[in-house]
Amino acid sequence: LGAAPLRALYEGTARPLGTAQTEGVWLRGWRLMSLDGTCVDVPDTPANDAAFGRPGSGRGEGRGGAFPQMRLVALCEAGTHAICDAALGPYTSGETSLARGVLRSLGPGMLCLADRNFYSGKLWGQAAATGADLLWRAKSNLTLTREQDLADGSWLATTGGREARRQGHDHPVRVVDYALDDPGRPGEADGYRLLTTITDPQQASAGELAGCYPQRWEVETALGELKTHQRGRGVVLRSKDPDGVYQEAY
């Protein structure tokens, strides 16, 4: 058939599945959505190698990884593991570039979770423009201008420096800093920093947002299920040509 009919079928049916009673789907009135990416091995044929590329060997020699790889970025409903949208591309595609292809499935009433590798001023602005709220982890070196401290320990800030302002990629955010004090789960020495569009602590406190962020890992579990359990014992996808790979992925 080729990829087009399967893509149309997927895009016409993929959607959030959680109801008002489904556990893990909601934070207050927000439907929790999680954004992440992964790579899938595809058969080692000349056509797939040319179309997808492969990771380096780590030794600076040879062709690199054992198989070419397709990169996939998915938007998942955290509580049900429903993969509501997906963007597919070659291994050489950037995750942030592919992520723009799934923003269309965000909207008002959703809270999108994402890891620190996804943040850029441009992508944040595009995601916020969908009407969804965002809760993304930020890198420690992200430039922030502190504007106001809030009673729950979070603070209001503006992202980016002069260049970001010039390009229109500076954004007002609320910042939640926290660390884990469980000796069995020590976390990272520098702690965690979250950015959110939810600027009012009355809508969601810093503690609620920090407690909610681990739901981001649900998308990684969902992708693991897709790659391992649903696919079965096969090490790689079966299709020996690129269009077949995309067909099989959808």
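Just above, that's the structure.
Counting restarts for each chain, with residues numbered from 1 along the sequence as it is written. Totals for whole chains, interfaces and linings use all residues, but because this is a predicted model, local features are given only for residues with pLDDT of at least 70 and pairs of side-chain atoms are given and counted only at 80 or more. Heavy atoms throughout the structure, all of them, feed into the side-chain values; hydrogens and water do not.

Focus on helix α7 (residues 217-230)
- A run of H or I in DSSP becomes a helix once it reaches four residues, and a run of E becomes a strand once it reaches two; helices and strands are each numbered from the N terminus. In this scheme, a helix's expected span is set at 1.5 Å multiplied by one less than its residue total. An ideal rise of 1.5 Å per residue puts 20 Å on 14 residues; α7 measures up with 19 Å between its terminal C-alpha atoms.
- Throughout, exposure labels follow a simple rule: accessible area from a 1.4 Å probe, protein chains only, divided by the maximum for the residue type, with under 20% read as buried, over 50% as exposed, and the rest as partly exposed. Listed as buried for α7 are Val219, Ala222 and Leu223.
- Throughout, a residue-residue contact means that at least one pair of heavy atoms, one from each residue, lies within 4.5 Å. Residues of α7 that are buried make contact with β2 (30-41), β3 (69-77) and β4 (82-90).

Focus on the pattern of salt bridges
- Just to be clear on terms, a salt bridge is a Lys or Arg side-chain nitrogen sitting within 4 Å of an Asp or Glu carboxyl oxygen. Enumeration according to the criterion identifies 13 salt bridges in this entry.
- With its nearest N and O atoms 2.5 Å apart, the salt bridge here joins Arg31 to Glu77. Placement of Arg31 in strand β2 and of Glu77 in strand β3 is noted, with a sequence separation of 46 residues between them. Accessibility classification places Arg31 together with Glu77 in one group, the buried group.
- The partner of Arg104 in a salt bridge is Asp85, with the nearest N and O atoms 2.8 Å apart. Here Asp85 lies in strand β4 and Arg104 lies in the loop between α3 (95-99) and β5 (110-114), a separation of 19 residues in the sequence.
- Look at the salt bridges and you will find they share partners, linking Arg7, Glu11, Asp85 and Arg104 into a network.

Topic: the packing of aromatic side chains
- Side-chain rings of Phe, Tyr and Trp (the six-membered ring for Trp) are treated as a pair once their centres are within 6.5 Å; stacked means planes under 30 degrees apart, edge-to-face means over 60, and tilted covers the remaining angles. Taken as a whole and judged by the stated rule, the model has five aromatic pairs.
- Site record: aromatic cluster; members linked through ring pairs are Tyr119, Trp124 and Trp136.
- A ring is scored as having a charge over it whenever the NZ atom of a lysine or the CZ atom of an arginine sits within 6 Å of its centre and within 35 degrees of its normal. The ring of Tyr91 carries Arg71 above its face, with NZ or CZ at 4.9 Å from the centroid.
- A cation over an aromatic ring shows up here: Arg216 above the ring of Trp217, its NZ or CZ 4.6 Å from the ring centre.

With respect to the environment of Ala14
- Position of Ala14 relative to the elements: it lies in the loop between α1 (3-13) and β1 (26-27).
- Remark: the alpha-carbon pair of Ala14 and Asp85, spanning 71 residues in sequence, is separated by 6.6 Å.
- Apart from the residues within four sequence positions on either side, Ala14 is in contact with Ile83 and Cys84.

Comments concerning the nonpolar core
- One finds Leu35, Leu106, Trp136 and Leu195 to be the most contacted residues of the largest nonpolar core, which totals 30 residues.
- Residues in contact with Trp136, not counting those within four places in the same chain, are Cys112, Leu113, Ala114, Phe118, Tyr119, Leu123, Trp124, Ala127, Arg193, Leu194 and Leu195. By nonpolar core is meant a set of buried Ala, Val, Leu, Ile, Met, Phe, Trp, Tyr and Cys residues that side-chain atoms within 4.5 Å join together.

Details of the environment of Leu32
- With respect to the element layout, Leu32 can be found in strand β2.
- Classification of Leu32 by relative accessible area gives buried; the value is 3%.
- Placed 45 residues apart in sequence, Leu32 and Glu77 show a C-alpha to C-alpha distance of 6.2 Å.

A look at the pairing of strand β7 (residues 144-149)
- Note: two strands are recorded as paired if DSSP finds a minimum of 2 bridges between them. Pairing of β7 with strand β8 (residues 155-159) involves five bridges; the strand directions are antiparallel. Following the sheet pairing, Asp149 is matched in β8 by Trp155.
- Between β7 and β8, which pair antiparallel and follow one another directly, the connecting turn spans five residues, one of which, Gly153, has a positive phi of 95 degrees.

As for the side chain of Thr158
- Note on placement: Thr158 falls in strand β8.
- We call two N or O atoms a polar contact when they sit within 3.5 Å, provided that within protein one can donate a hydrogen and the other can accept it, with sequence-adjacent residues counted only if both atoms are side-chain atoms. Within the local environment of Thr158, its side chain forms a polar contact with the side chain of Glu147, the two groups lying 2.9 Å apart.

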